[in-house]
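Here's the letter readout for the chains.
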Amino acid sequence: MAEDNSKIIGMDREKFRMFMGKYGIGVILLIMMVFISVMEPSFRSTSNMINVATQVSINAMIAYGMCLAITTEGIDLSVGAQLALVSCVLGQLISGRGWNIGAAIIIALIVSTVWGFINGFLVSKFNMFPFVVTLSTQLIIRGFAQLISGGQAIPITDTAFKSIYSAKIGPIPFPILVLILATLLMYTLLHWTKFGRYVFAVGDNMQAAIASGVSIIKTKTAVYAISGLLAGIAGVIFTAKTASAQSNIGIGYETDAVAACVLGGTSFAGGVATVPGVLMGIFIIGFIYNGMNLIGIDSYYQSMTKGAVIIGAVLLDMVMNKKNS
């Protein structure tokens, strides 16, 4: 009897393609967790899971903003520099000038949001390439951070500020609560609001979006402003974690954000993204770092593994979502 090539592991090929296209990232996450747990039993401990979730809360803020940008066929390479700028603004206002913590955080977040607004305005109003715009503003923003800090680390000894990272509500660290809230808000914004539909429409077919009355300038400017705000929140959490404001932090964070988005199914062609997918992508990146540290694998292998996982995820997405010509 001829072998039935229309089935894969007992499932119809088309159903398998649809299943992996929808749940593939979850399958990858589950396999990775099982594999690392076998290699290092301490990985699956509750304390370690909480530790990973607390650490990835910073990357999650940046990844959600990156997701919005990529969904509109853009990219935001300035997020790491914005994180550093917020850190330096906080250090200067809290330690240098003795400002109230709440006021300092608000000013710092306004600064990062304004830079995001500038990115979005340049991209949408003048039809400039997002890669070029955000790469350029990345240099400018980090230059401002260095100017504000004088190129030196600024210690922040305020206990209340440091508790932003260390405080717990019950057994749950505060950064995890911020992650949960941000995830719910981003899910609602992207999947349940008119703005979210506009974001998908702009990324899927800009001309059709314009014909439907969608304002490209308003939508893209808002997208990059939100990305700036989220990078600012990440900067607040990171600075509270280190209790020090520095201009050289956040380098490479945009790479992790892009990786999380790609792993989560966000398409560089625009118009395709899911917040749960990005969240799982974030945790995959976090588990790669955490698991390899626990197993004792050298740090340079971590980057190599992360790159290989990204390539694998892209190939899986291309295969599973390939359309018949």
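Look up a bit, the structure's there.
Residues numbered from 1 in each chain as written. Predicted model: local features only at pLDDT ≥ 70, side-chain atom pairs only at ≥ 80, totals over all residues. Heavy atoms only, no water.

*Asks:* In this structure, what is going on with the packing of helix H6 (residues 159-166) against helix H10 (residues 216-242)? I would like to understand it.
*Replies:* A packed helix pair is summarised by two numbers, namely the angle formed by the two axes and the spacing between the axes. Between H6 and H10, whose axes approach to 7 Å, the crossing angle comes to 110 degrees. Taken as axis vectors, H6 and H10 run roughly perpendicular relative to one another. Within the contact between the two elements, H6 uses Phe161, Lys162, Ile164 and Tyr165 and H10 uses Val236, Ile237, Thr239, Ala240 and Lys241. Class assignment of the residues belonging to the contact of H6 with H10 gives a composition of six nonpolar, one polar and two charged. (Axes fitted to C-alpha atoms, helices over the stretch in contact; angles between N-to-C directions. Helix = DSSP H or I, 4+ residues; strand = E, 2+ residues; numbered from the N terminus. Parallel < 35°, antiparallel > 145°, perpendicular 65-115°, else oblique. Contact = heavy atoms within 4.5 Å. Nonpolar A, V, L, I, M, F, W, Y, C, P; charged D, E, K, R; others polar.)

*Asks:* Hey, could you run me through the packing of helix H2 (residues 46-71) against H10 in this one?
*Replies:* Look at H2 against H10: their axes get within 8 Å of each other, and the N-to-C directions meet at 170 degrees. Judged by the inter-axis angle, H2 sits roughly antiparallel to H10. Side by side, H2 and H10 meet where Ser57, Ile58, Met61, Ile62, Tyr64, Gly65, Met66, Leu68 and Ala69 of the first sit next to Val223, Tyr224, Ile226, Ser227, Leu230, Ala231, Ile233, Ala234, Ile237, Phe238 and Lys241 of the second. Residue composition of the contact of H2 with H10, by class: 16 nonpolar, three polar and one charged.

*Asks:* Looking at this model, I keep getting lost on a nonpolar patch on the surface. Mind explaining?
*Replies:* A contiguous nonpolar surface patch, about 950 Å² in accessible area, is contributed by Trp99, Ile106, Ile107, Ile110, Val114, Phe117, Ile118, Phe121, Phe126, Met128 and Ile217. Element by element, the count of residues in the nonpolar patch is highest for helix H4 (residues 101-125), at seven residues. Following the sequence through the fold, Met128 ends up in the loop between H4 and helix H5 (130-149). Overall, Met128 belongs to the partly exposed group, its relative accessible area being 35%. (Patch = residues over 30% accessible without salt bridge, like charges linked within 9 Å, V, L, I, M, F, W, Y side chains within 5 Å. Areas by Shrake-Rupley, 256 points an atom, 1.4 Å probe, with all protein chains shown as cover. Salt bridge = Lys/Arg side-chain N within 4 Å of Asp/Glu carboxyl O. Buried < 20%, exposed > 50% of the residue type's maximum accessible area, 1.4 Å probe, protein only.)

*Asks:* Sorry, what's going on with the side chain of Glu254 here?
*Replies:* Structurally, the position occupied by Glu254 is in helix H11 (residues 253-263). Here Glu254 sits buried without a salt bridge, and the closest side chain of opposite charge, Arg142, lies 5.8 Å off (N-O distance). Excluding anything up to four places from it in sequence, Glu254 contacts Met66, Asp76, Leu77, Val79, Gly80 and Gln138. (Lys, Arg positive; Asp, Glu negative; His and termini not counted.)

*Asks:* Help me understand the side chain of Asn290 in this model?
*Replies:* Looking at the element boundaries, Asn290 is found in helix H12 (residues 275-295). The contacts of Asn290, once residues within four sequence positions are left out, are Phe43, Asn48, Asn51 and Val52.

*Asks:* Just to check I follow, could you spell out the environment of Phe144 for this structure?
*Replies:* With respect to the helices and strands, the residue Phe144 is situated in helix H5. Judged by relative accessible area, Phe144 falls into the partly exposed class, the value being 38%. Separated by 63 residues in sequence, Phe144 and Ala81 have C-alpha atoms that sit 9.4 Å apart. Once residues within four sequence positions are removed from consideration, Phe144 is found in contact with Leu85 and Trp115.

*Asks:* Teacher, can you tell me more about the state of the cysteines here?
*Replies:* By definition, a disulfide links the sulfur atoms of two cysteines through a covalent bond. Summed over the entire model, instances satisfying the criterion amount to zero disulfides. Left unpaired, Cys67 is separated from the closest cysteine sulfur, that of Cys261, by 5.0 Å. For Cys67, a relative accessible area of 1% puts it in the buried group. (Disulfide = S-S within 2.5 Å.)

*Asks:* Would you take a moment to explain unusual backbone geometry for this structure?
*Replies:* Leave glycine aside and you will find that most residues have negative phi; peptide bonds, for their part, are mostly trans. For Asn127, which is not glycine, the phi torsion reads 55 degrees and is therefore positive. Checked against the element boundaries, Asn127 lands in the loop between H4 and H5. Judged by its relative accessible area of 65%, Asn127 falls in the exposed class.

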